[in-house]
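Observations on chain architecture
Now for the letters of each chain:
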Amino acid sequence: MDVSAFYALFSATCFTLVGLWWNVVQSHADWMRDPALRRVVGGIYLSFLLPALMGLFAQIGGTEQPQIWRAAFIALAVVGCVCTLRLLARARGDHFVTLQQAGATLLYALIAVVGAFPELAGHIGLRPIQAEALMLIGLIILGHALVWRFMAGEGRAEG
């Protein structure tokens, strides 16, 4: 695996998703007036922004200076975990969203753990930066699922 190429592509893709989400949100100003919807919109934003930032730090540190990406992954995963737990605490009975947020919380926690204890990745035959990449892919999949559910559910225009 060419780690640098993967993280360059991954980070650019995630930043593109952030921009696309901004465009969607701009066309729905009513979402920002409702505090509950605004929290979900912000959660979706973070589900693409935090992995994008992790991808940038992975490029900076790479395999030569892993302490850079490891520290960034730990810090950003803690932010993601706390924010997702706050959203999870406010879930309103939608089991899909609850499972999505619980899955994201678990992935953020695992990302932080592997950042702190990289030797754990060796137990599954991967380098730490590869294990992190797999978990980041999982976060993006969960983020896409949340966008779909939001756009098909409570975020859709009433009419």
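Just so it is clear, the model here is predicted, and its values are computed rather than measured. (Residues numbered from 1 in each chain as written. Predicted model: local features only at pLDDT ≥ 70, side-chain atom pairs only at ≥ 80, totals over all residues. Heavy atoms only, no water.)

**Examining the overall build of the chain**
Looking only at helices and strands, one finds six helices and zero strands in the chain. Here the C-alpha radius of gyration of the chain, 16 Å, is about what a compact globule of 159 residues would show, namely 15 Å. Dimensions of the chain, computed from the C-alpha atoms along their principal axes, are close to 55 × 30 × 20 Å. Within the chain, buried positions represent 40% of all 159 residues. If you take every contact in the chain between residues at least 6 apart in sequence, the share linking residues at least 24 apart comes to 71%. (Helix = DSSP H or I, 4+ residues; strand = E, 2+ residues; numbered from the N terminus. Rg over C-alpha atoms; globule rule 2.2 N^0.38 Å. Buried < 20%, exposed > 50% of the residue type's maximum accessible area, 1.4 Å probe, protein only. Contact = heavy atoms within 4.5 Å.)

**A closer look at helix α4 (residues 66-89)**
With 24 residues, α4 extends 34 Å between its outermost C-alpha atoms, agreeing within 8% with the 34 Å of an ideal straight helix rising 1.5 Å per residue. Regarding α4, the residues found buried are Trp69, Ala72, Phe73, Leu76, Ala77, Gly80, Cys81, Thr84 and Leu87. Looking at the buried side of α4, the elements it contacts are α1 (3-26), α3 (35-61), α5 (95-116) and α6 (128-152). (Expected span 1.5 Å × (residues − 1).)

**Some words on the side chain of Gln100**
Along the polypeptide, Gln100 turns up in helix α5. Given the relative accessible area of 6%, Gln100 is considered buried. Looking at Gln100, its side chain comes within polar contact range of the main-chain oxygen of Leu142, at 3.1 Å. Among all residues touching Gln100, those that are not within four sequence positions of it are Leu142, Gly143 and Leu146. (Polar contact = N/O pair within 3.5 Å; in protein donor to acceptor, adjacent residues only side chain to side chain.)

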